[in-house]
Amino acid sequence: MELFDLLIKLALVVAVFTIALVIAMYSTYAERKVAAFLQDRLGPNRAGPYGILQPLADGGKMFMKEEIIPSKADTFLFILGPCIAMMTACMTGVVIPWGNTLIIDGKAYIMQVTDINVGILFAFAVVSIGVYGIMIGGWASNNKYSLLGAIRASSQMISYELAMGFSIIALIMTTGSLSLRDIVEQQSGFHWNFLYQPLGCLLFIICAFAETNRAPFDLPECETELVGGYHTEYSSMKLGFYLFAEYINMFISAAIISALFFGGYNFPFLDKIDAPHNVITLIGTAIFFAKIIFFIFFFMWVRWTLPRFRYDQLMHLGWYVLLPISILNVLVTGAVTLFRNGQFHF
Amino acid sequence: MQLTNRSKVVVQKEMTMAEQIYLPAIFKGMMITISHFFKKKPTINYPEVKRPIAPVYRGQHVLKRDEQGRENCTACGLCAVACPAEAITMTAAERKRGEESLYREEKYASVYEINMLRCIFCGLCEEACPKEAIFLTDRIVKVGTERDTFIYGKDKLVEGIAADQRIDVGKRGGAHRKF
């Protein structure tokens, strides 16, 4: 039985890893398609029907490209950069609850690689390591543009992590748990957290855009000013890793947003369905992925609508607007929680 | 003098609360982009779908033969003279005995070259030709990666003798001019 448990976990790890990679792969395709459709174009449609094989063609191209390591670059760090970016992007998926329990032979297995009780903290810790990948890559390139891009990336991510952290604190004050599974389970039915924490949800989504370096916060790689930002000197699959890591991050961010604020695998009228437990679990998982895909689409939608921030505007928004609002949100949430528990004394 | 009603007087006013939050404006912008998402795309998928072209479209040239398969061109050089881009060059030669089935008149072009990179497809060569020998067709000059490949000789310009190798010149052929 022990072995079987282990195998289930292994299968889950492999499945999460594969799904993350496949979704990231097709996000590149979807990005181009969405961009095209929003701009009255058709997008890639040559490789396979509707261009469905485009990611494979892109990947093949990435592998074929010449591998260049600048002679003045720090070779070790230069290679380490994309490795860290990719590794941290893949690591966050383990704490996300992909579904409810599956009952096999009378024993319940959770559809989650690990349910650690500080799930959110783990996710944020790993995401913050991701900035090292960009920073090291930009530094090791020995190039002005790369360095500027890396500095922008790290300062941006650190600035927005504060507001993001505060919006999470407000959420945790209402849920009372750091475990992502607990948070999702509390939202059963339609008690989704964005109804209780609308401001926190908005702040979190805005910060998630900044954390994933997506437009309108894509200053680290703004090609109009910094050539390619931190990955100017990168080529071949190392560049591919950076780009890929961004899409995995986007997938993970979408998953965390939908788990924290939009009910995860819960959906309204869940209890109305008369079906075996496992079937409902699978439906829930499908719904979770639908939510994730919607948020990935949302990320792209925003990217192709809004222009990029100017750097000072970015910092102004982060420090003077989002941070005070998120602190205010924490205070108000705390006051309301105390008041509802009857512990509020004037 | 006022030309249009589109000019707007620039005023520097304080932004309202809604404008300062930006979110309503962002929402508005996103509605605009999403409306484009569902719009019909004007793209024409070129190799599969071709844009209908005018009946008098001026594309790649053809050197015509007459009904008996003889080349119409007599190398008079009027097309080369008319050509504003100086894209046409030719060398004249005298028809030998026994070549009557190849060339319609006693003189013919042994070399006839059009530089497709110089050609502006104005159609003046066709207009200048007294023998109904050169026509512009609805064919599109193929892409190439070498400059030399764009100098089209008689091998590419003269149409075939067999009925199925004849190039249709559509409305521009024949009727308006008799020889």
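In this report, the structure presented in the accompanying data block is examined. (Residues numbered from 1 in each chain as written. Chains lettered and ligands numbered in written order. Predicted model: local features only at pLDDT ≥ 70, side-chain atom pairs only at ≥ 80, totals over all residues. Heavy atoms only, no water.)

### Looking at the interface of chain B and chain A
Then, number 1: In this assembly, 16 residues from chain B lie in contact with 16 residues from chain A.
Then, number 2: Here chain B and chain A share an interface that buries about 1,400 Å² over both sides, 71% of which is from carbon and sulfur atoms.
Then, number 3: On the chain B side of the interface with chain A, the three residues burying the most area are Met-30, Phe-37 and Lys-41 of chain B, jointly 39% of the side's total.
Then, number 4: Applying the counting criterion to the chain B and chain A interface returns one salt bridge.
Then, number 5: Arg-46 of chain A is the salt-bridge partner of Glu-48 of chain B, the closest N and O atoms lying 3.0 Å from each other.
Then, number 6: Our count for the contact surface shared by chain B and chain A stands at eight residue pairs in polar contact (both at pLDDT 80 or more).
Then, number 7: Residues that form the side of chain B that touches chain A fall into these classes: eight nonpolar, five polar and three charged. (Contact = heavy atoms within 4.5 Å. Buried area = accessible area lost by both parts, 1.4 Å probe. Salt bridge = Lys/Arg side-chain N within 4 Å of Asp/Glu carboxyl O. Polar contact = N/O pair within 3.5 Å; in protein donor to acceptor, adjacent residues only side chain to side chain. Nonpolar A, V, L, I, M, F, W, Y, C, P; charged D, E, K, R; others polar.)

### Comments concerning the packing of helix H3 (residues 75–91) of chain A against helix H4 (residues 119–140) of chain A
Residues and elements named next belong to chain A.
Then, number 1: Interhelical geometry of H3 versus H4 gives an angle of 160° and a closest axis separation of 8 Å. For the element pair H3 / H4, the angle class is roughly antiparallel. The handedness of the crossing between H3 and H4 comes out as left-handed. On the side of H3, the interface is formed by Leu-77, Phe-78, Leu-80, Gly-81, Ile-84, Ala-85, Thr-88 and Met-91, while H4 contributes Phe-122, Val-126, Ile-129, Gly-130, Tyr-132, Gly-133, Ile-136, Gly-137, Trp-139 and Ala-140. (Axes fitted to C-alpha atoms, helices over the stretch in contact; angles between N-to-C directions. Helix = DSSP H or I, 4+ residues; strand = E, 2+ residues; numbered from the N terminus. Parallel < 35°, antiparallel > 145°, perpendicular 65-115°, else oblique. Left-handed = near helix turned anticlockwise from the far one by under 90°.)

### A short note on the packing of aromatic side chains
Then, number 1: Scanning all chains against the criterion turns up 26 aromatic pairs over all chains.
Then, number 2: Measuring from centroid to centroid gives 5.2 Å for Phe-217 of chain A and Phe-309 of chain A, while their planes differ by 20°, and the two rings are stacked. Within this pair, whereas Phe-217 of chain A is found in the loop between helix H8 (198–211) and helix H9 (223–226), its partner Phe-309 of chain A is found in the loop between helix H11 (277–303) and helix H12 (311–340), the two being separated by 92 residues in sequence.
Then, number 3: The class of Phe-217 of chain A is buried, set by a relative accessible area of 3%.
Then, number 4: Considering the side-chain rings of Tyr-103 of chain B and Tyr-108 of chain B, the 3.6 Å spacing of their centres and the 5° angle between planes classify their relative orientation as stacked.
Then, number 5: Overall, Tyr-108 of chain B belongs to the buried group, its relative accessible area being 10%.
Then, number 6: The ring centre of Tyr-152 of chain B lies 4.5 Å from the NZ or CZ of Lys-156 of chain B, which sits over that ring. (Phe/Tyr/Trp six-rings, centres within 6.5 Å; stacked < 30°, edge-to-face > 60°. Buried < 20%, exposed > 50% of the residue type's maximum accessible area, 1.4 Å probe, protein only. Lys NZ or Arg CZ within 6 Å of the ring centre and 35° of its normal.)

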